[in-house]
Amino acid sequence: MIKFLLNGSWVMETELDPNMSVLRYLRTKRGLSGSKEGCASGDCGACTVLIGERSKGNGSQTVKYHAVNSCITLLGAMHGKHIVTVDGLNINEETHPVQQAMIASHGSQCGFCTPGIVMSLVGLRESQTSCSRKDVLESLSGNLCRCTGYRPIIDAAMASFDVADNKNIINTTPAWSAPEQEEVAGLHTVDADYFSPTSEAELTELLTKYPGARLIAGGTDLALEISQNYRSFDCLISLSDIEELTELSEAGNTLYVGAAATYSQVMPWLKTWYPEVVELFERIGSLQIRNRGTVGGNIANASPIADTPPVLLALDASLELASTAGRRVLSLKDFFLSYKQTQLQNGEYIRRIILPKPESNAIVKLYKVSKRYEDDISAVMAAFYLELEGARIKTVRLAFGGMAAVPKYADHAQTKLVGAEFTEASVAAAISALGEDFAPLSDVRASSAYRLKTAQNLLRKAYLEIANNMSLGVFSHA
Amino acid sequence: MRKLTAVPDTSEHSPEGIAGQSVPHDSATKHVTGRAEYIDDIAELPGTLHIAVGGSAHAHAKIKHLNLDAVKSSPGVVCVVTSEDIPGRRIIGPVFHDELLLAYDEIEYVGQPVFAVAAESFEQAQRAVKLALIEYEILTPLLDVKLAREQESYVLPEHVMQRGNASAAMSSARHKVHGELVVRGQEHFYLEGQVCYVTPTEDGVHVLSSSQHPAEVQKMVAETLALPLNKVHAEVRRMGGGFGGKETQAAHLACVASIFVNKLRRPAKYRLSRRDDMVVTGKRHDFVNEYEIAFDDQGKIEGTVMSLLGMCGFSVDLSQGIIDRAMFHADNAYFLNHAKVSGYYCKTHTVSNTAFRGFGGPQGMITIEAAMDDIARYLQIDPLTVRKRNLYTAERDETHYGQKIEQHNIAEIIAELENTSDYWRRREAITAFNASNQYIKKGLALTPVKFGISFTSKHLNQAGALVNVYTDGTININHGGTEMGQGLYTKVAQIVASEFQVDLNAVMVTSTRTDKIPNTSPTAASSGTDLNGKAAQVACGKIKAEMQAFAKRYFNLADQAIEFANNQVIMGENSMSFAEFVQLAYMNRVSLSSTGFYKTPTIHYDRETGKGKPFFYFANGAAAAEVTIDTLTGEYRVTRVDILHDVGRSLSPGIDIGQIEGGFVQGMGWVTSEELLWNSSGEVISNSPANYKIPTAFDIPEIFNVNLYQQDCPVDTVYASKAVGEPPLMLGISVWCALRDACASVADYRISPDLTVPATPEQVLFAVEQAKMFKEKDSGQAL
Ligand SMILES: Cc1cc2nc3c(=O)[nH]c(=O)nc-3n(C[C@H](O)[C@H](O)[C@H](O)COP(=O)(O)OP(=O)(O)OC[C@H]3O[C@@H](n4cnc5c(N)ncnc54)[C@H](O)[C@@H]3O)c2cc1C
Ligand code: FES
Ligand code: FES
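Residues numbered from 1 in each chain as written. Chains lettered and ligands numbered in written order. Predicted model: local features only at pLDDT ≥ 70, side-chain atom pairs only at ≥ 80, totals over all residues. Heavy atoms only, no water.

Comments concerning the side chain of His31 of chain B
And step 1. With respect to the secondary-structure elements, His31 of chain B resides in helix H1 (residues 28-33).
And step 2. From its side chain, His31 of chain B meets the backbone oxygen of Cys110 of chain A in a polar contact 3.4 Å long.
And step 3. Not counting residues up to four positions away in its chain, the partners in contact with His31 of chain B are Ser108, Gln109, Cys110, Gly111, Thr114 and Pro115 of chain A together with His25, Ala36, Tyr38 and Arg238 of chain B. (Helix = DSSP H or I, 4+ residues; strand = E, 2+ residues; numbered from the N terminus. Polar contact = N/O pair within 3.5 Å; in protein donor to acceptor, adjacent residues only side chain to side chain. Contact = heavy atoms within 4.5 Å.)

Quick notes on the environment of Ala525 of chain B
Residues and elements named next belong to chain B.
And step 1. When you line up the elements, Ala525 lands in the loop between strand S22 (512-513) and helix H15 (528-554).
And step 2. By relative accessible area, Ala525 is classed as buried at 12%.
And step 3. With sequence-adjacent residues up to four places away left out, Ala525 is seen in contact with Ser454, Phe455 and Glu726. (Buried < 20%, exposed > 50% of the residue type's maximum accessible area, 1.4 Å probe, protein only.)

Considerations on the packing of aromatic side chains
And step 1. Considering all chains together, one arrives at 33 aromatic pairs over all chains under this definition.
And step 2. Between Phe400 of chain A and Phe438 of chain A the ring centres are 5.3 Å apart and the planes differ by 70 degrees, which places this aromatic pair in the edge-to-face class. On the criterion of sequence distance, the pair formed by Phe400 of chain A in strand S19 (residues 392-401) and Phe438 of chain A in the loop between helix H16 (424-437) and helix H17 (448-467) is long-range, its members being 38 residues apart. Across this residue pair, the class does not change: Phe400 of chain A and Phe438 of chain A are buried.
And step 3. Taken together, a centroid distance of 5.3 Å and an interplanar angle of 90 degrees make the contact between Phe295 of chain B and Tyr378 of chain B edge-to-face. With a gap of 83 residues between them, Phe295 of chain B in strand S15 (residues 287-295) and Tyr378 of chain B in helix H10 (residues 361-379) connect regions that are remote in the sequence. (Phe/Tyr/Trp six-rings, centres within 6.5 Å; stacked < 30°, edge-to-face > 60°.)

Things to note about the domain arrangement of chain B
All names here are of chain B.
And step 1. Under the domain assignment used here, chain B contains domain 1 (48-140 + 188-280), domain 2 (287-456 + 607-782) and domain 3 (462-599).
And step 2. Placing the centre of domain 1 and that of domain 3 at their C-alpha centroids yields a distance of 38 Å.
And step 3. Summing the contributions of domain 1 and of domain 3, the shared interface buries around 1,400 Å²; its carbon and sulfur component is 52%.
And step 4. If you sort the residues of domain 1 by the area they bury against domain 3, Gln212, Glu235 and Arg237 come out on top, with a joint share of 32%.
And step 5. Scanning the region where domain 1 abuts domain 3 turns up one salt bridge.
And step 6. Close ionic contact of Glu235 with Arg513 constitutes a salt bridge, the shortest N to O distance being 3.2 Å.
And step 7. Counting the contacts that link domain 1 with domain 3 gives eight residue pairs in polar contact (both at pLDDT 80 or more).
And step 8. For the side of domain 1 that touches domain 3, the secondary structure elements donating two or more residues are helix H6 (214-225) and strand S13 (232-236). (Domains from an automatic or database assignment. Buried area = accessible area lost by both parts, 1.4 Å probe. Salt bridge = Lys/Arg side-chain N within 4 Å of Asp/Glu carboxyl O.)

Points about the packing of helix H14 (residues 488-500) of chain B against H15 of chain B
Residue and element names in this part refer to chain B.
And step 1. Contact geometry of H14 with H15 gives a least axis separation of 9 Å together with a crossing angle of 25 degrees. In terms of their interaxial angle, H14 and H15 are classed as roughly parallel. Our pair here, H14 against H15, has a crossing hand that is right-handed. Residues Leu488, Lys491, Val492, Ile495, Val496, Glu499 and Phe500 of H14 pack against Gly528, Thr529, Asn532, Gly533, Ala536, Gln537, Cys540, Ile543, Lys544 and Met547 of H15.
And step 2. Considering only residue class, the contact of H14 with H15 consists of nine nonpolar, five polar and three charged. (Axes fitted to C-alpha atoms, helices over the stretch in contact; angles between N-to-C directions. Parallel < 35°, antiparallel > 145°, perpendicular 65-115°, else oblique. Left-handed = near helix turned anticlockwise from the far one by under 90°. Nonpolar A, V, L, I, M, F, W, Y, C, P; charged D, E, K, R; others polar.)

Remarks on helix H5 (residues 151-160) of chain A
And step 1. Of the positions making up H5 of chain A, those classed as buried are Pro152, Ile153, Ile154, Ala156, Ala157 and Ser160 of chain A.
And step 2. As for H5 of chain A, its buried residues are in contact with helix H2 (97-104), helix H3 (114-125) and helix H4 (133-139) of chain A together with helix H17 (653-671) of chain B.

Structure below.
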């Protein structure tokens with residue numbers, strides 16, 4: 001059984017297909033057709049809803065609302081949460097300030113993207129008291145509109161902050177506590193199960209009982225199997241509600257990132273040590289994706305074009321893996337075996353990512369190149385880590401995504417740099433050595449020639465930026 | 001006696017929301033509350049079937065054997081049909097009948113429908129279609145337009161438009177440039193995918209379709225089912241975007257769904273998943289365009305030879321009109337002088353390409369814009385100067401298809417924009433910036449748009465409307481146009497409110513239905529308001545005439561006309577509210593309903609001679625775009641855009657601005673990040689929003705100044721307005737020219753490097769490399 005709030009009212013569900021998305025549930029089971037399906041793959045935002053979540057842990061409960069793509073969020077993940085849809089926004093038939101502003105500024109044309117856009121903007125307006133253009137763009141990063149050209153939507157977003165009216169979901173929803181439950185929350189049919197364990201102990205038990213189960217964290221990769229390939233999983237075990245796996249902690253010189261913590265959770269915390277990494281994370285997917293997606297999922301999914309593996313390789317990260325057989329620690333560079341193949345054994349999961357804190361002389365340069373700035377998959381992802389000792393390069397790690405079947409280091413290029421002086425000449429030697437390191441593919445995102453040329457130019461760019469202590473590019477960062 | 005409804009607000013006040021005023025879209029409140037109903041939102045009737053179609057895995061093949069056993073026994077499947085199950089026509093097509101609804105022998109593109117499945121749920125239907133076993137004899141696909149021309153593989157024969165003697169002009173020219181421009185197509189990416197919901201009626205079927213052309217849906221469904229037209233009705237309330245993609249493509253879905261409805265007497269919904277939509281529906285045509293331009297020392301064109309090779313796909317669909325329109329716009333705003341423009345309707349083994357906002361116009365226009373830049377670099381003059389020198393003028397006013405350009409306001413539009421965008425000062429600043437920055441470069445371009453308004457198929461330039469006035473003074477309108485977000489319903493309602501001088505909130509447009517307005521044209525070619533607005537005006541005129549005759553009788557008026565003003569009807573000394581007058585008219589048995597019909601006058605085009613006057617008028621505009629590029633990665637940002645666009649006398653400024661901005665951004669997407677790609681076996685590889693990138697809010701320029709150029713349309717249009725749907729898309733070309741300008745700066749503006757459309761970061765980097773190579777070679781020689 002799962003129990004959740006839907007637009008302010010409690011709902012209980014048990015016998016529903018564990019593969020069902022929140023969007024399908026809203027539209028076909030609840031007759032709530034305000035949220036639209038534009039893609040069913042997390043790319044367009046027409047299905048955006050807000051999910052209210054109680055902060056975990058310590059006494060005073062705060063609730064946070066996040067925009068998510070309901071098309072790739074599974075209903076099973078909603079236990080104990082509050083789903084707010086556009087249909088539930090008009091308390092007492094009054095329009096929300098965001099809706100008023102959207103009408104006034106001609107923010108809709110065909111109107112199909114509009115409910116999703118409204119929800120993203122409500123999410124923004126209810127999480128802060130004033131906003132900048134940058135905030136608005138971030139909140140819209142996962143919403144496509146094909147009609148308006150966005151200008152009126154951006155204006156509406158800004159204007160919604162001027163409407164004095166403070167109608168607010170957070171204020172109008174009574175505080176709630178976690179529903180009491182004897183068994184692990186979940187959905188069950190004769191063919192399939194969805195479990196949301198809350199502790200590693202429960203997880204281990206379930207893994208023993210259901211050895212064929214598939215783990216799911218944010219589902220931003222896995223749920224596409226369902227929504228795009230119409231696959232049906234027999235048993236899904238969610239990692240999202242397990243406290244140990246969402247923890248962010250530090251000890252001595254080491255940082256521990258819970259594998260099931262979402263990007264949105266990790267980012268503000270990680271900023272203290274690795275602001276560059278956080279800037280790069282801002283370019284992973286969209287806000288909706290970052291509100292669900294996890295670093296653990298990104299690594300376990302083992303895509304050669306995933307963004308965090310090159311970054312984590314550059315930072316020399318390790319993984320803590322766990323299974324019924326116990327725990328082990330593995331350096332990330334040994335984790336990826338071949339295309340989409342990793343060291344993960346059946347029933348084993350990534351527990352946390354282990355990062356050294358940066359050395360005082362560390363230089364981190366991260367570059368993501370894609371056709372579109374927001375919400376696009378990298379053509380080339382370059383992550384460079386350097387420690388200089390005087391003019392000499394003491395440590396260097398150059399990691400790339402999109403250049404090979406697995407995320408990997410540019411060994412030849414690194415050899416040219418390590419121990420050498422950091423000069424135009426040594427960098428030039430490393431740049432040409434990149435040609436020995438990689439023979440990238442041509443595909444829909446980029447040609448082989450472009451990938452290689454860009455990888456080389458990014459190394460050059462890093463050199464120019466470091467040597468001249470400046471930033472070089474057309475975007476303000478990453 | 002039947003009691004009449006109480007009349008609402010009868011006070012005398014100036015009408016709110018009439019034509020010329022800025023009002024929200026008529027569905028705005030419904031949009032933002034999620035209550036606007038799209039087809040997939042309508043509650044399904046019990047027993048509703050869900051349709052999916054199984055398509056070919058190859059681009060060119062013959063089906064040797066088709067085994068559907070596993071499909072039929074897949075869970076939830078109710079019925080499976082192939083071509084043999086079609087009761088009526090098996091070959092369909094909007095203009096030419098050349099498309100099999102379900103293929104049975106030869107396959108001509110990847111994804112071509114072969115069979116269809118009806119199942120109890122969407123997912124069950126999707127899972128079932130994957131289970132077919134199809135054996136093919138694989139044939140070689142033809143995927144390239146230049147190869148198609150070599151092999152003379154055409155869907156229609158070559159067409160030529162010419163003026164004077166282009167080859168003589170070429171041979172006597174002092175200066176020439178020539179080039180080849182690869183222009184890729186574009187995926188519509190309407191946010192609401194293709195969908196229809198078909199229900200059985202006592203006599204036939206009722207089709208709810210997300211279509212720009214309900215009359216064609218009606219006709220094709222009737223042909224498929226072998227039913228007369230009066231037993232099939234199509235209805236459209238709104239689409240979640242169309243952009244041309246729902247002009248012909250929606251009918252296929254309706255036809256397939258109708259087969260099941262007809263056979264099983266159960267309602268059926270057919271909705272394409274986004275991925276299927278991106279694979280099986282037509283797109284904007286890819287083109288490869290060759291040009292050769294002769295010009296004098298001033299950069300003035302003396303002769304033009306152009307060949308436009310359009311990738312039509314496997315069938316004609318609307319390609320005739322589209323390639324023609326590319327040819328009609330090969331001049332954009334410029335006098336081509338002695339010109340020969342040839343169009344090739346290339347047949348390839350790809351999905352049949354279709355209408356997309358601009359309808360070929362953009363692909364023609366961007367070619368002459370590329371040539372303008374080439375001339376400028378050749379002569380070392382600023383591109384804007386070259387553009388200005390080549391504009392049509394009263395003396396140089398004849399197009400390559402014989403139409404005389406009568407309105408010359410582009411020079412004025414450019415002058416104003418030059419001024420408001422501060423073009424020349426920024427040009428200087430940018431040149432200075434580029435001289436002192438090695439890696440980051442800036443580009444600037446100001447380009448005009450002149451777009452011909454009318455369907456080039458003459459018979460389509462007609463429309464009908466039905467206006468009903470009710471006894472409470474409210475008015476309902478139906479017309480043949482469809483609402484896809486462009487604000488057509490809002491504008492027509494404003495026109496009718498103006499006609500009666502009543503508040504807009506008393507007027508409503510309801511869904512477009514073939515049983516209310518027959519034989520309608522598609523809502524396309526930017527013509528929606530021009531045609532349907534006029535038709536509604538005509539209908540209002542007839543009702544007003546009835547009212548006039550009645551008032552004259554009833555109030556014993558002499559010859560003086562009654563007047564509609566301030567929500568009142570004024571009859572000499574007397575006046576009463578519109579609603580009261582309507583009630584009085586009703587009690588005296590006056591007809592309060594009328595149809596209206598309109599056809600565009602004066603247009604004609606003769607395909608035999610390639611001459612005529614295909615356009616009633618032109619809509620004009622100009623845009624100035626500035627970009628910054630990173631020469632190390634090819635990444636770029638559009639930093640500032642200024643637009644001045646001619647909408648005639650605006651019917652609804654808020655909506656017109658929306659069309660201009662939205663059109664511009666869509667055009668910008670086409671020339672920047674939207675890369676429609678096919679692989680060597682003919683599959684679309686940009687087949688999902690994960691790999692086909694339309695602009696996001698981040699991509700639009702932070703400085704984005706958009707203004708209306710309001711001047712009465714010189715010909716008789718509704719309230720002197722101009723069409724606005726398509727033309728602004730081509731303002732996006734300025735971004736491509738600005739990117740090319742930035743790339744040219746790498747070679748000190750001595751060449752215009754090749755730049756494929758769209759100019760993705762990859763293409764920009766290649767253009768930068770080309771410019772670098774030129775510069776190295778050049779300075780090598782200089783040494
Ligand atoms: C629209 C969109 C945009 C995207 N943009 C980007 C992008 O810019 N950059 C990028 O890198 N990725 C992107 N992604 C991919 C995806 O969001 C990321 O890979 C994300 O980090 C996956 O995390 P998740 O928690 O959602 O994984 P899930 O989908 O839950 O899981 C992915 C896989 O990992 C397994 N798994 C998850 N957690 C664990 C664990 N702790 N231990 C073992 N196995 C586990 C699951 O079984 C599954 O096989 C995008 C996806 C979408 C839909
Ligand atoms: S439907 Fe497009 S993101 Fe969910
Ligand atoms: S209004 Fe049509 S997609 Fe945004």
